[in-house]
Amino acid sequence: MASWLGGLGSGLGQSLGQVGGSLSSLTGQISSFTKDILLEGAEEVGDAATELHVSNSRLREIESINAAQKFENERLKKLCSDLEEKHEASELQIKQLSVEYRNQLQQKEVEISHLKARQNALQEQLQKVQTAAQSAQSGVGVLPPAAASASYVPAVRPSSCFEGDDMDFGDIIWSQQEINRLSNEVSRLESEVDHWKQIALSSKVQRTNDAEQSEICKLQNIVKELKQNLSQEIDEHQHELSVLQDAHRQKLVELSRRHREELREYEERIEELENQLQQDGVSADAMDDSKISQQKKNAQSLERGKVEELQIVKDLEDEIRRLNHKLSSAKEESKILLKEQELAKVEKMQIMQEYENLKSDFSMLQSSVAERDALLKEQEKKLQLKTSLPEDIVRLQQALLEAENELARLSSLKQEGLEKELTSAQHKNVLSVYTEDQNSELSQLRQDLERKESELNESIAERETLIVELEELDKQNQEATQHMITLKEQLSKQHMENDSVVKQLKFDLEFERKKVSELEIEKMETIKELNSQKEKLSQCSCELNDLHLNKQQLQDNIKDFEEQLKKAQECNLHNEKEIEELQQRLKEREEELSVSLSKLTEKHNKESNYACQDLILKEREVEIAKLQNDISENKQLNEDLEKSLSDLRTENGKLIAAVEELKQELSDAISEKNKVYLEKDTVVEALKMEKRQLENELNQTEKRLLEQAHKYKQTIEELSNARSMDTTALQLEHERLVKLNQEKDFKIAELKRSIEQMETDHQETKEMLTTTLGGQKQLTELIKEKEVFIEKFKNQALQVKQELEEYMKVSKKQDVLKHNLEEKDRSLAIMKEENNHLKEEIERLKDQQSRSTPVVEPKTLDIIIELESEVTQLKVIKNSLEEEIEVHKKTIEDQNQTTVQLQQSLQEQRKEIDESRFQCEQMNVTHERLSLEKDEEIKNLQKTIEQIKTQLHKERQIIQTYSSDLFQETKVQTLNGENGNEKHDLSKAEIERLVKGIKEREMEIKLLNEKNVSLSQQIDQLSKDEVGKLTRIIQEKDLEIQALNARVSSAPYRQDVLCLQQQLQAYVMEREQVLAVLSEKTRENSQLKTEYHNIMDIVAAKEAALVRLQGEIQKLSNRSENSSQEMSRETIQNLSRIIREKDIEIDALSQKCQTLLTVLQTSSIGTDNGSGGVNSNQFEELLQERDKLKQQVKKMEEWKQQVITTVQNMQHESAHLQEELQKLQAQISIESDSNSKLQVDYNGLIQSYEQNEKKLKSFSQELAQVQHSIGQLYNTKDLLLSKLDLVTPSVAAASTVSQLSGIQYSAPEVLSDESKLLQNELERLKSKLQEKDSTIRTLQENNQRLSDSVATASEIERKSQEGTESEMRQIKEKHDVLQKSLREKDILIKSKSDQLLSVSENLSNKENENELLKQAVTNLKERNLILEMDIRKLKEENEKIVAKCREKETEFRALQETNMQFSMMLKEKEFESHSMKEKALAFEKLLKEKEQGNTGELNQLLSEVKSMQEKAVTFQQERDQVMVALKQKQMESSALQGEVQHLREKEQRLNQELERLRNHLLEMEDSYTREALAAEDREVKLRKKILILEEKLVSSSTAVENASHQASLQVESLQEQLNLVSKQRDETVLQLTISQDQVKQYALSLANLQMVLEQFQQEEKAMYSAELEKHQNQTAEWKKKAEKLEEKVISLQESLGEANAALDAASRLTEQLDVKEEQIEELKKEGEIRREMLEDVQNKLMDLMNSTEGKVDKVLMRNLFVGHFHTPKNKRPEVLRLMGSILGIKKEELDQLLSEDQRGVTSWVTGWLGGGAGSKSVPSTPLRPTHQNIFNSSFSELFVKFLETESCPSIPPPKLSVHDMKLLGAAGTGKTSSTPSNSQMQDSAASAMSRRPDANPFLARRSAAVPLIMPTSNSGHLLMKPISDALPTFTPLPVSPDASAGAVLKDLLKQ
């Protein structure tokens, strides 16, 4: 995948790089082109010819550039098409990949849901186990269940901002991670379950043990420490998470900031480019404005010139008038000529300006071309921006994915850390539990020793210390309770936070799914935008082509303008020539005038009669001036006409541009139409693709549903197997029948629902059809409106064409006017010539006048008249010309008006075009909406079709196979119709077809309904009998349940029984589940492996089996209709056969009877008299036989009916029995496995129980021996002390007291520190040895003084030493035994932990392997199904193609045969015609020869002709045969070619299949290699774990060895000490011998003292007898205790028997539990309601408690008053009397109280107020009302406490003397009156306290009855809570020592 995507990306990058390169080259060319144009505009060339050359060269350059651009455009188009093809291919591949990934996602989600369900189930089991463990431990201490829940911190998957198709990969990765996490959690939960099971089992064993308190306290401390560590680590992890989130946010902020900066830069670049464009436009406008201003200035200068010319004309007239006076006028006229030259120059400049204007127009056009290029560049830049934006998005997505991966990694690390901590904590707990088991026995023995020592060593001095310790312990207890409450609150908060996190995660999941859908929509939109951009590109290419066309038109226009320029230049030249001629004429006239002036002056001097001539001259001058004015006016007209021409040209150009714009708009509209049609086609294709995808998805979902159904069936079967492990076969049948009934009901309900859904779908399809028809009508209306718009545009275009033609006509008229002007100019020239002729004639006249005389005056007058007439004629001509000029002006004005009108019409047309564009856009929007609606409707239709398909699949497979083709055809027709509706109207025929198809569907549905009804009736008929039986069984069961309910409800121990049931059920179910899971996992693993190997073989076999299956399906479809009938026929035939046989037997018997009767009758008639007795006997026998036969017949009939019923039942039950047989076999195998395992476990438990009992007995014996030896030692010690009062009694007492206190204090240390047990034992032994040393020293000193006493003492000492030595040996043996047991238990623990780890690892591995195999199997199944579908489709297509090919081949062969026949016919005809022609020629020859008369030759020729004809016929036949053979060969060759092609196609297909199989094999090998790698990784991990465990083993073994070494060292030190003691003993023996010698020496001196010694001996005997009695009493007490212990053992055995009975009852009650669960749920609901009520009541009670805090009862106040009365000082009698009067105490009582002694009362008051040992539960610090202990303690408990405190009497303080010590020793026997039942009370208190944590045998906890934390299950009312077990006694009642204080108080409370 990655390689493919990489290749695609590289290909796209290369193609985009090529496009970028070509675009850069194009932009470079355009920029160079614009620079050249600007440089050209800057250049100025003088001559016109050079300008022409330059323009031609530039035109060639432009053409070459144009050709290059066209080539590049074509290349770019090719690239675009290639890219589009690649894009489409990539889109298809991406769609396929996305479909695959979505399928994988759905699979993963299903797996996640399964794992979550499994996790929830395991958590529920955990909670059950925890509750069981809590109830088993009964207030031992709350182990935190929230730790497990707190450890579940799910991996947060952050929502990404930008997501595309890459999110599919991300989703898959995340789902795999989640699956791994869930599987890890599952394994963790299973391990926790095992742990809790072990705890439960250990709690069962430990219930009898009394030494769990210290271990539980330690565990609680460890739990607290772990919780603190956990909270610290959670805080650290949260801190790290916040840091990471901040970093992630900073990264996101930086990325968004960079993105914004880049966007701003792009916007600034765009703005700069727009500013540059505007500046270019402004500069162009400024240029135009400057040129216009220059033209205006020129016009103003021309007007000024006109005014100056008028003034000059006036000056000339004045000068002509003043010719006679001034001669300087000639100079002024020369100046005037110079000014006229300037004017000519100005005209030339105007012409040049016009040329420049034309040039500027050309440059303007070029600038417009440059602007278009710039627009193209901008579009390209925008495209590049758009292409770059997705790259930025991809980068951001990659960054987000990296951040997400980091977060996931951190969360996984966090989870791993938490899990490791939990596992370590669990291991610690397990180890602590096992250490508890190991050290429980030692601790019991040591506690018993300490109790005995504490009973001997109680004193008053320790009470104060005990009270202080009590206060400290109370404080610690309060602090611990507060700490536990805070911990509970923290855990609840954490739980709530975890729940909120889970909810947030679920919400995030949903939000991300929505985002995925939105992103898919955005993807579709981006695809649409890409398509639109492609269309824009095509538009741009069209616009480029239009620009090229415009360029060509502009070039043509430039050529026209150049021609016009040439014409104008020619006109200019002509005008210049005329001006020069006029100047020459003027000069000549001036010369003539000067000559005439000189003559006139002469004549004036000569003659004065020439006045008239002067007048004539003046008139002539006036006429000349007028002519000049006309010339100037003509020039002005010329200029005006030229200006109008230029205006008309510009207007023409504008009109041409408008026409081009209209054309472009038309082309745009056409392209938009094409786009719409293309979009429709693409939508149709996409719909088809989606339809195929949906069909594939449907098939896949159906397969998944089937698989899930199988899975659920399997799970149901497993559950039913697990439930019915203890139930009987009748219950199995009952459940099966109930399930069958339910399934049938469900099937009926489903069929009804399917019918209703079909009806609703039918209605919806009808509504959809109506909506589609409406949408089609709207589409047709839209299309009609578009056609109307197109027609309008066409009309507008026609109008524009007409206006163009009118303009052309106007331009033609203007050309005609130009011709007229030229003719007028010519006429003017003629007039000028005539004027010249007149001047010449005037000169002649003047000459004649000068020559002639004054007689010739009438001639001159005639001439003058003629001249005047000519002048009038000229004036008329002038007027006519002026009129024509006015007409021309009017026409020009009309033309201007028409141009204005045209401009207005153009503006209107533009407005209309804009409006039409807006309407088109609106139409497009509406069309898009309609298309979206259509898409939705099509999707809805597809959904309905899919629903119908699924329903049809469910109903019958036969009908599906029969009618699927029809339905698909109708579906295709409907879809095709809907797709075609977007282009054309939906035809009626298609609608009718749809209606027919729907009617056929309705008919099929009705038929199916009828079949369903008939089937349901049959089912009902069959199930009535079974239902009747079931109802009877159910009624019986209900009666039994009611009886049991009555029993259970009547029993008071219902709650206890329920608890026991729940516990037993939970343990049994868990055990069975674990065993079943293990066996199932192994079985599943093997099955999946075999399936995995088999599927590969099946895939190959499936293809071959497809054809067989199709045939078999048809056979089965025929069989399935007749199968039920055949079955019924067979059964009926069998029954009829049996009935016939029975009927035949009956007929035979009846015939026998008839024959016998006839015989009887005949015999009776024949022998009435003779043989009557015999006949009667025979008759009786026959009657008996008849009765027997009747009975047999009845039996046979009953048997027949039974057979019929049994046959019917067998028909119904045969299939079910087979299934049940299989199930039972599986169950039997499972049960046998479980039974064998249970037996093994049971045997192991029995053995362990027996071993424990043996150990207990041995320990009790050892205890008795130790206690006996201790008693002997103390007796000897007391004797010695009593004898040796003189030798430092106080020191010995102090030492013994200190030693005993040390021993006393060492007890809690022993309990607190587990690891230092052996050291404490050694210290105790050392202290005993020191005591012995001290006693030996005292004995040595005493022996010197008392020889006789020393002898007795030495004997006692020897005995004591032997006892101590034996004790030491016994202790050593016990120590060795304990070490061995410790080692064995360590080994067992290690082995079991290793086994647990291996089992858990195997389980996890097998689960992983199962999951992998399941995934592989599902993937293979899906692939297999897809392959089957593809093969079916391909086979169908192949069959169709083959059929078509065969048809075409047959047609081709028929055509070839006809062709052959025709060709044969043609050839025959040609041959016949040829033969006829030859015959005709032969006849002609014959005729000719006949004419010649050659008959002989004629005959020869005829014979030759005949022979030739025969030869020709033979040749023709041979040719025909050859042709036929050739054609056959050709046919054969063509057939062979077809076969060859067919074989080649087969080869290709086979090759393709081979490649596919190779790919599949490669994939499978890859998967195998991956699995192998995964297995290797697992092996590596397991090996690492094994190494770690081995290291741990080594470390533990080293620790054990070190401990054993230390123990051996200690033993050696003890042996050394023993050796020292023996040496000292030997020394004492030697000293004794010496002393005996001294005694013998001093015998004489001590003779007098013998009497005293005898007296001492008598006293000692008395003491011995007393001590013997004491010992006997002690032994009696120990025997009693042993008997009590035996009674306890017997009671425990009885309780065991009761427990076994309860187990049996529980096994019975498990049957009822199924029924009771529903009642329990209802009761739970009621319980919740009652609980709410109770909470309200509790709140009210709390308010009452708070309100009644200050109020005190009178009785209590009286007690307080009486108690406090004796304690205060002597100065308060009056105050006390006032208090007594307030409380209502009589004066007599007050007097009595005052008169009493203080000592007796103070002792009682102090005992009550907490001065004595009884003040155990009175708090020194007053409890606050807000404290929780008051809330949790009930009133009964408080009352019991009060009684308890008042009942405990105080012990008087004993004195520290030897006699008192004796008394204390005697107190142990129980004979002293001061403490009669103190030991019993303390025993009971200790036994009660042994159940609590932090137990001290000397301390009574104050809040003992108050639990630390309310357990979660007991959230009831205060009064509803059970009374605590451990409550101290309050009166010295004569209670048996085995009865506990709690039992006594319970009895009291019951009374």
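So, about the overall build of the chain. If you tally the helices and strands in the chain, you get 28 helices and zero strands. Burial status across the chain gives 26% buried among its 1951 residues. Pairs at least 24 residues apart make up 90% of the contacts formed inside the chain by residues separated by at least 6 positions. Element-wise, carbon and sulfur atoms account for 56% of the exposed surface of the chain, whose accessible area totals about 130,000 Å².

Let's shift gears to a negative patch on the surface. Together, Glu588, Glu591, Glu592, Glu833, Glu834, Glu840, Glu841, Glu843, Asp847, Asp862, Glu866 and Glu870 give the surface a local cluster of negative charge. Where the negative patch is concerned, the elements lending two or more residues are helix H7 (461-606), helix H9 (729-851) and helix H10 (857-955). Element by element, the count of residues in the negative patch is highest for H9, at six residues. Residue position: aspartate 847 is located in helix H9.

Bringing the nonpolar core into the picture now. A general feature of soluble globular proteins is that nonpolar side chains tend to end up buried together. Core analysis: the biggest nonpolar cluster contains 12 residues, these being Ile112, Leu115, Leu122, Leu126, Val129, Ala133, Ile179, Leu182, Val186, Leu189, Trp196 and Ile199. For alanine 133, the contacting residues outside a window of four places in its chain are Trp196 and Ile199. Residues Ile1095, Val1099, Ala1416 and Val1417 belong to the second largest nonpolar core, which totals nine residues.

Another aspect to go through is the environment of alanine 133. Along the polypeptide, alanine 133 turns up in helix H2 (residues 48-137). According to the relative accessible area criterion, alanine 133 is buried, its value standing at 2%. Spatially, the C-alpha atoms of alanine 133 and tryptophan 196 are 7.2 Å apart, while their sequence positions differ by 63 residues.

On the surface, Tyr1642, Leu1646, Leu1649, Val1652 and Phe1656 cluster together into a nonpolar patch covering about 460 Å² of accessible area. With respect to the helices and strands, phenylalanine 1656 occurs in helix H19 (residues 1650-1747).

Together, Lys766, Arg993, Lys996 and Lys999 line one region of the surface with positive charge. For the positive patch, the element with the most residues is helix H12 (residues 988-1050), which contributes three residues. Within the secondary structure, lysine 996 is located in helix H12.

This part covers H19. For H19, with 98 residues, the first-to-last C-alpha span of 84 Å runs short of the 146 Å given by 1.5 Å per residue. At leucine 1713, H19 is deflected by roughly 50°, the largest bend along its length. Among all positions in H19, only Glu1667, Ala1706, Leu1709, Gln1712, Leu1713, Lys1716 and Met1742 are buried.

Attention shifts here to the confidence of the model for the chain. With 77% of its residues at a pLDDT of at least 70, the chain reaches an overall mean of 77. Element-level pLDDT for the chain is lowest in helix H3 (residues 146-151), with a mean of 38, against a maximum mean of 90 in helix H18 (residues 1495-1641). When the criterion is pLDDT under 50, residues 140-167 qualifies, and its contacts beyond four places in sequence or with other chains add up to 76 contacts. Counting interchain partners and residues more than four positions distant, the pLDDT-below-50 stretch residues 1170-1174 has zero contacts.

Enumeration over the complete set of coordinates arrives at 21 salt bridges. Note that glutamate 884 and lysine 824 form a salt bridge whose closest N and O atoms lie 1.7 Å from each other. Remark: lysine 824 occurs in helix H9 and glutamate 884 occurs in helix H10; sequence separation between them is 60 residues. The partner of glutamate 1262 in a salt bridge is lysine 1374, and the shortest N-O contact between them spans 3.5 Å. Here lysine 1374 lies in helix H17 (residues 1347-1492) and glutamate 1262 lies in helix H14 (residues 1172-1283), a separation of 112 residues in the sequence. You can call lysine 1374 buried: its relative accessible area is 17%. One connected set of salt bridges, linked through shared partners, spans Arg118, Glu190 and Glu1407.

Further remarks concern the side chain of glutamine 1415. Within the secondary structure, glutamine 1415 is located in helix H17. Residue glutamine 1415 is classed as buried on the basis of its relative accessible area, which comes to 18%. The residues contacting glutamine 1415, other than those within four sequence positions of it, are Lys108 and Glu111.

A few words on the packing of aromatic side chains. Scanning the entire structure with this criterion turns up one aromatic pair. Between phenylalanine 507 and phenylalanine 511, the ring centres sit 6.5 Å apart and the planes meet at 15°, which makes this aromatic pair stacked. With phenylalanine 507 and phenylalanine 511 both in helix H7 and four residues apart, the pair spans about one turn of that helix. Lying over the aromatic face of tryptophan 1678, lysine 1681 brings its terminal NZ or CZ to 4.6 Å of the ring centre.

Turning to the environment of lysine 1152, a few remarks are in order. Relative to the helices and strands, lysine 1152 resides in helix H13 (residues 1054-1166). Accessibility expressed as a relative area gives 53% for lysine 1152, which makes it exposed. When the C-alpha atoms of lysine 1152 and arginine 1186 are compared, they prove to be 9.7 Å apart, with 34 residues separating the residues in sequence.

What counts, and at which threshold
Residues numbered from 1 in each chain as written. Predicted model: local features only at pLDDT ≥ 70, side-chain atom pairs only at ≥ 80, totals over all residues. Heavy atoms only, no water. Helix = DSSP H or I, 4+ residues; strand = E, 2+ residues; numbered from the N terminus. Buried < 20%, exposed > 50% of the residue type's maximum accessible area, 1.4 Å probe, protein only. Contact = heavy atoms within 4.5 Å. Areas by Shrake-Rupley, 256 points an atom, 1.4 Å probe, with all protein chains shown as cover. Patch = residues over 30% accessible without salt bridge, like charges linked within 9 Å, V, L, I, M, F, W, Y side chains within 5 Å. Salt bridge = Lys/Arg side-chain N within 4 Å of Asp/Glu carboxyl O. Lys, Arg positive; Asp, Glu negative; His and termini not counted. Charge placed at Lys NZ, Arg CZ, Asp CG, Glu CD. Core = buried A, V, L, I, M, F, W, Y, C linked by side-chain atoms within 4.5 Å. Expected span 1.5 Å × (residues − 1). Bend = angle between axes of the 7 residues up to and from the residue. pLDDT = per-residue confidence, 0-100. Phe/Tyr/Trp six-rings, centres within 6.5 Å; stacked < 30°, edge-to-face > 60°. Lys NZ or Arg CZ within 6 Å of the ring centre and 35° of its normal.

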